[in-house]
Amino acid sequence: MSATLENLVIRCARESDLPALAAMFAADELGGHGDTTDVSALPDYLAAFRAIEQSSNETLYVAELDGEVVGTFQTVILTKLVGRGATSMKIEAVQTRDDMRGRGIGAIMIRYCIDDAQKRGVKNIQLISNMMRVDAHRFYDRLGFEKRHFGFSMALK
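Residues numbered from 1 in each chain as written. Predicted model: local features only at pLDDT ≥ 70, side-chain atom pairs only at ≥ 80, totals over all residues. Heavy atoms only, no water.

Asker: Would you mind going over the nonpolar core with me for this structure?
Answerer: Most often, soluble globular proteins have nonpolar side chains that are buried together. Counting residues in each nonpolar core, the largest one holds 21 residues, and the members touching the most others are Leu8, Ile10, Ala63, Val70, Met89 and Ile105. Elements that contribute at least two residues to this core include exactly β1 (8-12), β2 (58-65), β3 (68-79), β4 (87-96), α4 (105-120) and α5 (134-142). When near neighbours in sequence (up to four residues on either side) are disregarded, Ile105 contacts Leu5, Leu8, Ala63, Val70, Thr96 and Met100. Membership of the second largest hydrophobic core comes to 14 residues, among which are Ala13, Ile52, Val62 and Val69. (Core = buried A, V, L, I, M, F, W, Y, C linked by side-chain atoms within 4.5 Å. Buried < 20%, exposed > 50% of the residue type's maximum accessible area, 1.4 Å probe, protein only. Helix = DSSP H or I, 4+ residues; strand = E, 2+ residues; numbered from the N terminus. Contact = heavy atoms within 4.5 Å.)

This is the structure in structure tokens:
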């Protein structure tokens, strides 16, 4: 694909994007989330998509270049009692298609989040990244994110 990023569009994901999104997640060897392109998993992706779509606080986005989904991310707006009711944005599942990495798509997606958060009056943006994603950590550092918290995770059965 020889397209320039001038044609890159960030938009809300549509149900028709699910196969491309599942393929992107399934290709992620570090994620370990059990994603797959097997059609038997489509009902799981569809149920999750519909739950996100129905939420007033969650949004699933895609980065589209010349009609192809080349990236994705999800945002969640949280209102917390701490900080006198401050709102924060959590950025989740930032992913750029393997063959499109290194072209600046990820930076455009994150800047989109930052701009959206500022327009909404959000006080803080948070994201988490797998500890093994050293390249991603350098990427987030370059974009101005600071390592301030130590996170914990627990997989439930």
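And the narrative resumes.
Asker: Would you take a moment to explain the packing of aromatic side chains for this structure?
Answerer: In this description, a pair of aromatic rings is defined by centroid distance and the angle of the planes. For the structure on display, the rule yields four aromatic pairs. Relative to Tyr112, the ring of Tyr61 lies with its centre 5.3 Å away and its plane at 65 degrees, an arrangement referred to as edge-to-face. Here Tyr61 is found in strand β2, whereas its partner Tyr112 is found in helix α4, with 51 residues between them in sequence. A relative accessible area of 5% means that Tyr61 is categorised as buried. On the basis of an interplanar angle of 75 degrees and a centroid distance of 6.0 Å, the ring pair of Tyr140 and Phe145 is categorised as edge-to-face. We classify Tyr140 as buried; its relative accessible area is 10%. (Phe/Tyr/Trp six-rings, centres within 6.5 Å; stacked < 30°, edge-to-face > 60°.)

Asker: When you look at the sheet that holds strand β5 (residues 124-127) in this model, what are you seeing that I'm missing?
Answerer: Strands in a sheet are paired, the pairing made by backbone hydrogen bonds, and the direction either parallel or antiparallel. Overall, mixed pairing links the five strands, which are arranged β1-β2-β3-β4-β5 in an open sheet. This sheet does not close on itself; its edge strands, each paired only once, are β1 and β5. Going from strand to strand, the sheet's axes swing by 25 degrees on average, the running direction of each strand aside. Two strands pair when backbone bridges link them, and β1 and β2 are joined in this way by five bridges, in the antiparallel orientation. By the bridge assignment, Val9 is partnered in β2 with Glu64. Across the sheet, α4 lies against β1, β2, β3, β4 and β5, angled at about 165 degrees from β4, the strand it touches most. (Pairing = 2+ DSSP bridges. Axes fitted to C-alpha atoms, helices over the stretch in contact; angles between N-to-C directions.)

Asker: Help me out: how do you make sense of the side chain of Gln74 in this one?
Answerer: Locating Gln74 in the fold gives a position in strand β3. The class for Gln74 is buried, based on a relative accessible area of 14%. In terms of polar contacts, Gln74 uses its side chain to reach the side chain of Glu58, at 3.1 Å. Excluding residues within four positions of it along the chain, Gln74 makes contact with Ile52, Glu58, Thr59, Leu60, Lys90, Ile91 and Glu92. (Polar contact = N/O pair within 3.5 Å; in protein donor to acceptor, adjacent residues only side chain to side chain.)

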